[in-house]
Amino acid sequence: MSANDLQPAVVYQAPGDIDPMQEENDNNEEETYEVDIDIFDLETYANNYSGLARIYRLMYIADHSSKLRPDALRLAISHIITTMNTNLYQVLHQKLQQFQGNLLPDVTGANNVDVAPLTYNASWVETTTQKASIKLEKLDSDLKNYKSNSIKESIRRGHNEIGDHHVSCGDLIEATKSYSKARDYCTSSYHVISMCLNIIKVGIYLQNWSHVENYIIKAETTPDYTENPDILKNYSSTLKCLAGLADLANRKYKSAAHNFLRANLDHCNSTEVMTTNDVAIYGGLCALATFNRLELQNNIICNNSFKSFLELEPEIRDAIFKFYESKYEVCLTILNKRKPSLLLDMFIGSHIKQLYSNIRSKAMIQYFTPYDSADMRKMALCFNTSLPDLEDELMKLIIDGHIKARIDSINKILFAKHTDKRVETFQKALCMAEQYSKQMHILILRSQLIKHQTNEKNSERRNNTGKINIDFVKRTG
Amino acid sequence: MENAIAVPLLDQFVLSVRNHSTSKQIDNRDLVDYLAKQTETLQSYVSNLDSVLEALDVHQNALAVLTVLGIKTSAQQLGDISAVQYHTVTATQIHDFVISVSDRQLRDMADLLYNVMKSMLKSLGSVGKPMFAIPILKNAIFKLQDKPYQLTQLHCLFCQACLMSNNLKPAINLLDQNIYVLGSNDDPGIIFDSKFFLHYYYLGGVIYTAMKNYSKAISFFEIALSTLLPVMSQVMIESYKKFVLVSIIHLGIVPALPKLSPPLVERVLKPVCQAYLDIIPAYQNGDPADLQSIITKHNDVYQRDKNTGLVKQVLKALYRKNILKLTNTFLNLSISDLTQKVNIPSITETEEHLMALIEAGEIHAKINPKDGTIIFNDPSKKFEDSNVLKQILDKVTNKISFSNTLRLLDEAISINPLFIKKISCEDEGLSLGQGSSKTYQV
């Protein structure tokens, strides 16, 4: 494949691949929302990540917060210049210009000075495009060389280098192809796992979660993976975190929590996707939203390895502990404080609403469990809401069957409802009997119909044979 | 003038009919052919047919008599007497015939009887007296039936007569009897046309819907939809539409059709009934405004299908469902809160809904008009009194008799010559181990 063939393809694929947000919107998985945030240290945030993660996260922030948009875009562009991703550079510049165009009347002179160094650099685009194609050509010819010498290790490395180059150019689909070509030349389980990791990382940014899951399974079923403690130690944390991320994206919060909780701080260092702080946040929130008290106790509070993660995010740790201590008010306040910054996270941002409402409902359910009747005024204080809102929330929980209770709306008291098992059983049994006899009835009628239809067929056959005979007589006659 | 020409031809007709019946009593195919040829002649002398009827013997020439009666009742030109009088007299004649002819003979000509009765019902309907047909059909059904669980050709006409005369009570008795056997004639080669079956279950479902016995109506429509038929018919499509609406009104969801029904049914029906299927999600969202907009959108379709009444019921049912949900959630509530939570436009309307629900026994509640509140009580149903025991006992006896019927049917199949032949063929062809897997497919 020559560089000239490849270059137009990259341009063509660019709009769909580069902007993961757009793809997600197409799948209707994501609601667009706007985050209103005042203080957010973009620089430090961006420096926590490397490679693709840095650019994509900044882009996510730019898409979801108009206040941070210009800064985020500028930062992202400054990072892109270090790569060879000319398409993304153009796209982001366009966005920035659009945004500035909209704001121009309000923008003061000071801001214009800021913008000045970031004018569109056409010569950079040109030279980088050229450089990229030259590099690709070189890598291709290298690979051909390796192949003619048939040294497996070199071929594998060659494919990986081409893959890395594609990533740098932003062409993730081609990158996946190159990485998976390396598969036939893997000689050790280390190679297999690193091949899988390469593909998974690219898959995450393509939002191709089924692909990600497949390769996680592939990596974990590599023959040496479970037997060799070194490999296990090195990779298991990363793989678990990635699996958790895939589960999170598929809204399987509970298994996501379990996966995150199995990570180990010492061997978790994939800044290309997420930081250890992220693991603590993702794991903590998923666990809080889905675990019951016992599970919280066993899996988080008594989990020493995850504790070290939580130490990085003291707020999340406090929220979990306060929740466990039934101090829901404190817990919910802490979580609400963190909400804006969490909404700007590209992986968990779209799930925050769901997770928070889960946590809230769970808190209410737990709050009421020990009581036979509860004063809703106190409850409203505890959950920081007004009485009518609390009543609505409780109503939804009762209708969905999460709380077995009834509301005394006049005296504002919540009463537990005790179901009569005997009545329930009677009702179920009678219902079953009714259904069963109905089905029998239909079966009998159907057998009758079949009988009459076969009769029909038989008589038709008889008529047909009659006709044939007549024809026969006529002909012979 | 007319009489002079008419008489000899009709005399000849009477003579040949008599000849047929005396010479070949067993095989009446010739007679059927002859009667079919004579239809036109008879039709042109409608006013003289009474003399023919007098000349023929009900027992000897039953087939001919019924044919003549059929021509009489479908006649268009009536001479000098009024249409009402003419048709009621003819109906009485048919009734007399039904009463005097033997059960066996009547069963043999059930299909013809259906045609005669159908035109009779049509004529009576055109003169505004469909009610007159009800007792005649009822007697005919009883005569045709050997056992009460048999479906006759006339069942669907009976339902139609009841619907035409807006008198549904008589139909309920008949509909309440479960049907297990089609047709009262077990001779091989006698076919019970599935259209009788389909019409009966569709009309029965409509009658039950009108009587607000929704659970029965649902099972009738289910039967009409799920018992295999090789060809999709308009009746099934209409049944499906009504099935969807009635299920929503009564159950709140549309149950999947029983597994027996071929998957084809739903695949073919769904695109045709989109206007009805659109209601389902709107209803389940629980927002009356949404539902109303869907209903307005498809109003033309509902009007064309004459289902507007049922669709309106769906909207009412939604309010009812929403209130019912709240009864499980609240012990007491102010009515204004309730109105707001259920999204009912006005408080008085809410009270109306509540009253209706309380009177129907669907919720147990008391309204306190002074404070404007409502207090919900727990349902008193405890399954402890003797009534419940009696109900269960009734059901058990019912099912025992049902299982007896089932046994009879099973025996009938196992002595069916075709079945035996098939089984013995299979036994010969198969190895020892598989011999026991007998199927009932003939």
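Keep in mind that what you see is a predicted model, and the values were worked out from it rather than measured.

**With respect to the overall build of chain B**
Then, number 1: The helix and strand inventory of chain B stands at 23 helices and five strands.
Then, number 2: Counting over 442 residues, chain B shows a buried share of 45%.
Then, number 3: The long-range share in chain B, meaning contacts at least 24 apart out of those at least 6 apart in sequence, stands at 64%.
Then, number 4: On chain B, roughly 23,100 Å² of surface is accessible, and the fraction owed to carbon and sulfur atoms is 55%.

**A closer look at the environment of Ala140 of chain B**
Residue and element names in this part refer to chain B.
Then, number 1: Counting through the fold element by element, Ala140 comes out in helix α8 (residues 133–144).
Then, number 2: Separated by 14 residues in sequence, Ala140 and Leu154 place their C-alpha atoms 7.7 Å apart.
Then, number 3: If near-sequence neighbours (up to four positions away) are discounted, Ala140 is found in contact with Val98, Leu106, Leu113, Met117 and Leu154.

**Examining the packing of helix α19 (residues 328–343) of chain A against helix α21 (residues 376–383) of chain A**
When two helices pack together, their arrangement is given by the angle between their axes and by how far apart the axes lie.
Residue and element names in this part refer to chain A.
Then, number 1: For the pair α19 and α21, interaxial distance at closest approach is 7 Å and the crossing angle is 35°. In this structure, α19 uses Tyr328, Glu329 and Leu332 to contact α21, whose residues at the interface are Leu381, Cys382 and Phe383.
Then, number 2: Of the residues belonging to the contact of α19 with α21, the class tally is five nonpolar, no polar and one charged.

**Digging into the nonpolar core**
Then, number 1: Core analysis: the largest hydrophobic core is formed by 134 residues, its most contacted members being Ile204, Leu245, Leu285, Phe383, Leu394 and Leu414 of chain A.
Then, number 2: Beyond its immediate chain neighbours, meaning those up to four positions away, Leu394 of chain A contacts Met364, Met376, Met379, Ile403, Ile407 and Leu414 of chain A.
Then, number 3: Counting 109 residues, the second largest nonpolar core, distinct from the first, contains Ala91, Tyr201, Ile223 and Tyr276 of chain B.

**Some thoughts on the interface of chain A and chain B**
Then, number 1: Taken residue by residue, the interface counts 40 residues in chain A and 52 residues in chain B.
Then, number 2: Buried surface at the junction of chain A and chain B, both sides included, amounts to about 4,100 Å², of which 64% is carbon and sulfur.
Then, number 3: There are two salt bridges connecting chain A and chain B.
Then, number 4: Between Lys438 of chain A and Glu222 of chain B there is a salt bridge, and its shortest N-O distance comes to 3.5 Å.

**Looking at helix α12 (residues 209–220) of chain A**
Residue and element names in this part refer to chain A.
Then, number 1: If you check α12, its first and last C-alpha atoms are 16 Å apart, about what twelve residues at 1.5 Å a residue would give, namely 16 Å.
Then, number 2: Those residues of α12 that sit buried are Trp209, Val212, Tyr215, Ile216 and Ala219. What you see down the axis of α12 is that its buried residues fit within an arc of 125°, all on one side.
Then, number 3: Where α12 is buried, its residues meet α10 (172–181), α11 (189–206) and α13 (229–249).

**Points about a positive patch on the surface**
All names here are of chain A.
Then, number 1: On the surface, a cluster of positive charge is made up of Lys404, Lys417, Lys421 and Lys428.
Then, number 2: Turning to its location among the elements, Lys421 is positioned in helix α23 (residues 421–476).
Then, number 3: Under the relative-accessibility criterion, Lys421 is labelled exposed at 57%.

**Remarks on the packing of helix α15 (residues 276–290) of chain A against helix α20 (residues 352–368) of chain A**
Residues and elements named next belong to chain A.
Then, number 1: Running from N to C, α15 and α20 point in directions that differ by 45°, and their axes come no closer than 7 Å. When the interaxial angle is binned, α15 and α20 end up oblique. Where α15 crosses over α20, the two elements pack in a sense that is left-handed. Together, Leu285, Cys286, Ala287, Leu288, Ala289 and Thr290 of α15 and Ile352, Leu355, Tyr356, Asn358, Ile359 and Lys362 of α20 make up the contact between the two elements.
Then, number 2: Each residue belonging to the contact of α15 with α20 can be placed in one class, and the counts come to nine nonpolar, two polar and one charged.

**Observations concerning the sheet that holds strand β2 (residues 405–408) of chain A**
Then, number 1: Strand order in the open sheet made by the six strands is β1(A)-β3(A)-β2(A)-β3(B)-β5(B)-β4(B), with mixed pairing throughout. The open sheet terminates on both sides in strands that have one partner only, identified here as β1 (373–375) of chain A together with β4 (365–368) of chain B. Averaged over neighbouring strand pairs, the angle between their axes works out to 20° when direction is ignored.
Then, number 2: Note: β4 of chain B against strand β5 (residues 373–376) of chain B, four bridges, orientation antiparallel. What sits directly across from Ile367 of chain B, in β5 of chain B, is Ile374 of chain B.

**Some details on the confidence of the model for chain A**
All names here are of chain A.
Then, number 1: Per-residue pLDDT for chain A has a mean of 75; in total, 82% of the residues score no lower than 70.
Then, number 2: Below pLDDT 50 for its whole length, residues 1–30 participates in 47 contacts with residues either more than four positions away or in separate chains.
Then, number 3: Throughout residues 461–477 the model reports pLDDT below 50, and contacts reaching past four residues in sequence, or to other chains, amount to zero contacts.

**Some words on the environment of Pro130 of chain B**
Then, number 1: Here Pro130 of chain B is to be found in the loop between α7 (110–126) and α8.
Then, number 2: Separated by 35 residues in sequence, Pro130 of chain B and Ser165 of chain B have C-alpha atoms that sit 5.5 Å apart.

**Observations regarding the side chain of Lys241 of chain B**
Residue and element names in this part refer to chain B.
Then, number 1: With respect to the helices, strands and loops of the structure, Lys241 is situated in helix α13 (residues 234–251).
Then, number 2: Looking at Lys241, the relative accessible area reads 5%, which means it is buried.
Then, number 3: The residues touching Lys241, leaving out its near neighbours within four places in the chain, are Cys273, Tyr276, Asp305 and Asn307.

**A closer look at the packing of aromatic side chains**
Then, number 1: Enumeration over the complete set of coordinates arrives at 21 aromatic pairs over all chains.
Then, number 2: Relative to Trp124 of chain A, the ring of Tyr89 of chain A lies with its centre 4.7 Å away and its plane at 50°, an arrangement referred to as tilted. Here Trp124 of chain A lies in helix α8 (residues 122–149) and Tyr89 of chain A lies in helix α6 (residues 86–103), a separation of 35 residues in the sequence.
Then, number 3: When its relative accessible area of 2% is taken as the criterion, Tyr89 of chain A is described as buried.
Then, number 4: For Trp124 of chain A, a relative accessible area of 14% translates into the label buried.
Then, number 5: Taking 5.2 Å as the distance between ring centres and 65° as the angle between the ring planes, the aromatic pair formed by Tyr276 of chain B and Tyr302 of chain B counts as edge-to-face. Taken together, the residues span a long stretch of sequence, with Tyr276 of chain B in helix α15 (residues 274–277) and Tyr302 of chain B in helix α18 (residues 299–305) at a distance of 26 residues.
Then, number 6: Accessibility expressed as a relative area gives 0% for Tyr302 of chain B, which makes it buried.

Cut-offs used in this document
Residues numbered from 1 in each chain as written. Chains lettered and ligands numbered in written order. Predicted model: local features only at pLDDT ≥ 70, side-chain atom pairs only at ≥ 80, totals over all residues. Heavy atoms only, no water. Helix = DSSP H or I, 4+ residues; strand = E, 2+ residues; numbered from the N terminus. Buried < 20%, exposed > 50% of the residue type's maximum accessible area, 1.4 Å probe, protein only. Contact = heavy atoms within 4.5 Å. Areas by Shrake-Rupley, 256 points an atom, 1.4 Å probe, with all protein chains shown as cover. Axes fitted to C-alpha atoms, helices over the stretch in contact; angles between N-to-C directions. Nonpolar A, V, L, I, M, F, W, Y, C, P; charged D, E, K, R; others polar. Core = buried A, V, L, I, M, F, W, Y, C linked by side-chain atoms within 4.5 Å. Buried area = accessible area lost by both parts, 1.4 Å probe. Salt bridge = Lys/Arg side-chain N within 4 Å of Asp/Glu carboxyl O. Expected span 1.5 Å × (residues − 1). Arc of directions from axis to C-beta. Patch = residues over 30% accessible without salt bridge, like charges linked within 9 Å, V, L, I, M, F, W, Y side chains within 5 Å. Lys, Arg positive; Asp, Glu negative; His and termini not counted. Charge placed at Lys NZ, Arg CZ, Asp CG, Glu CD. Parallel < 35°, antiparallel > 145°, perpendicular 65-115°, else oblique. Left-handed = near helix turned anticlockwise from the far one by under 90°. Pairing = 2+ DSSP bridges. pLDDT = per-residue confidence, 0-100. Phe/Tyr/Trp six-rings, centres within 6.5 Å; stacked < 30°, edge-to-face > 60°.

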